[in-house]
Amino acid sequence: PWFQTLLPGSVIADAFESRAQSYLVDKTLQLAEQTAKAHKASSGLTLTGAALDPWTGTHGLRRLGYPLWVREVPALRKVLSETARRRFAQTRSVEAVAVFYVALGRTQALAQLYRTIDNDVVRAEFFGADFSEEKMRNKAFKNASYLHTRRRFQLAAAIYLLVQPPCIYKALVCLGKGLKDPLLAMAVGRVAEATAMQKSKPRSVFGSMAPSTAATATTAPRLGPETRKMVNNYLIPHFKEHKQPLL
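Residues numbered from 1 in each chain as written. Predicted model: local features only at pLDDT ≥ 70, side-chain atom pairs only at ≥ 80, totals over all residues. Heavy atoms only, no water.

**Examining the confidence of the model for the protein chain**
For any part of a model where pLDDT is low, the fine detail of the predicted coordinates should not be relied upon.
And step 1. For the protein chain, per-residue confidence averages 87 on the pLDDT scale, and residues scoring 70 or more make up 87% of the total.
And step 2. In the model, residues 204–218 has pLDDT below 50 throughout and makes 13 contacts with residues more than four positions away in sequence or in other chains. (pLDDT = per-residue confidence, 0-100. Contact = heavy atoms within 4.5 Å.)

**A word on helix α4 (residues 73–91)**
And step 1. For α4, with 19 residues, the first-to-last C-alpha span of 27 Å sits near the 27 Å given by 1.5 Å per residue.
And step 2. Taken as a whole, α4 has its buried residues at V73, A75, L76, V79, L80, E82, T83, A84, R86, R87, F88 and Q90.
And step 3. R92 sits one or two positions beyond α4 and adopts a positive phi of about 55°. (Helix = DSSP H or I, 4+ residues; strand = E, 2+ residues; numbered from the N terminus. Expected span 1.5 Å × (residues − 1). Buried < 20%, exposed > 50% of the residue type's maximum accessible area, 1.4 Å probe, protein only.)

**Remarks on the packing of helix α9 (residues 153–162) against helix α10 (residues 168–178)**
And step 1. Viewed as axis vectors pointing N to C, α9 and α10 meet at an angle of 165°, and their least axial separation amounts to 7 Å. The angle between the axes of α9 and α10 places the two elements in the roughly antiparallel class. α9 and α10 meet at a crossing whose hand is left-handed. Between α9 and α10, the contacting residues are F153, Q154, A156, A157, Y160 and L161 on the first element and I168, K170, A171, C174, L175 and G178 on the second.
And step 2. A breakdown of the residues in the contact of α9 with α10 according to their chemical character gives 9 nonpolar, 2 polar and 1 charged. (Axes fitted to C-alpha atoms, helices over the stretch in contact; angles between N-to-C directions. Parallel < 35°, antiparallel > 145°, perpendicular 65-115°, else oblique. Left-handed = near helix turned anticlockwise from the far one by under 90°. Nonpolar A, V, L, I, M, F, W, Y, C, P; charged D, E, K, R; others polar.)

**Section: the packing of aromatic side chains**
For any two aromatic rings, the description comes down to two numbers: the centre-to-centre distance and the angle of the planes.
And step 1. Considering all chains together, one arrives at 5 aromatic pairs under this definition.
And step 2. Plain terms: the ring middles of F141 and Y160 are 5.8 Å apart, the flat faces sit at 65° to each other, and that makes the pair edge-to-face. A residue pair is termed long-range when its members are at least 10 positions apart, and F141 in helix α8 (residues 134–149) and Y160 in helix α9 qualify at 19 residues.
And step 3. Assessed through its relative accessible area of 33%, F141 is described here as partly exposed.
And step 4. Taken together, Y114, F126, F127 and F131 form an aromatic cluster joined through their ring pairs.
And step 5. If you follow K229 out to its NZ or CZ, it ends over the ring of Y169, 4.2 Å from the centre. (Phe/Tyr/Trp six-rings, centres within 6.5 Å; stacked < 30°, edge-to-face > 60°. Lys NZ or Arg CZ within 6 Å of the ring centre and 35° of its normal.)

Structure, rendered in structure tokens:
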């Protein structure tokens with residue numbers, strides 16, 4: 001089970017309290033990649049070996065518990081972006097990285113990948129469409145629902161996020177309950193909700209004041225309503241069920 005490889009709660013608590021989280025994220029991403037490469041070289045596993053997956057693998061990023069301790073969404077975006085980059089480099093599968101691209105708001109780049117890598121014009125046009133139109137919203141929702149029933153949870157989640165406004169909670173259920181990966185759901189939810197909020201918020205002519213490091217040093221990561229609902233419904237009960245300390 002994924003939680004058995006998670007960092008100890010004391011380590012996650014220390015990382016949460018750190019005033020150098022940007023450095024921690026960069027350093028752990030670097031060390032994880034180096035460790036994974038060394039593991040691959042010594043084990044002789046194939047490129048598609050599950051143990052080598054950059055998120056779920058033996059030395060994957062999930063075990064570092066980023067969404068539990070990273071306070072700022074830009075740092076979490078970097079984690080998802082790196083996961084997508086490494087997974088695509090390993091698998092060359094566009095579907096395997098679709099949910100990351102959509103959560104990060106890179107739908108046009110995803111459409112281009114489908115066109116150039118998979119030579120799939122239909123999906124390229126689909127992901128490049130305008131999902132604020134009712135016709136495309138309905139089409140996306142039907143496609144996502146169908147993929148959900150077929151247990152293609154990551155692609156279903158990606159398409160739920162395409163709908164405008166995005167069906168974030170349905171996407172998180174695909175990842176947290178369907179894929180049994182509540183940490184991925186939490187990371188995707190935090191990034192997707194921040195992106196959706198940014199799109200809907202009117203810009204101020206005076207810009208926005210970034211909170212000081214001192215003010216945010218121990219502030220809990222902000223959870224949007226959909227991510228909070230997923231955490232309450234899936235992540236916390238999961239820790240309770242398996243008698244893991246709640247963080």
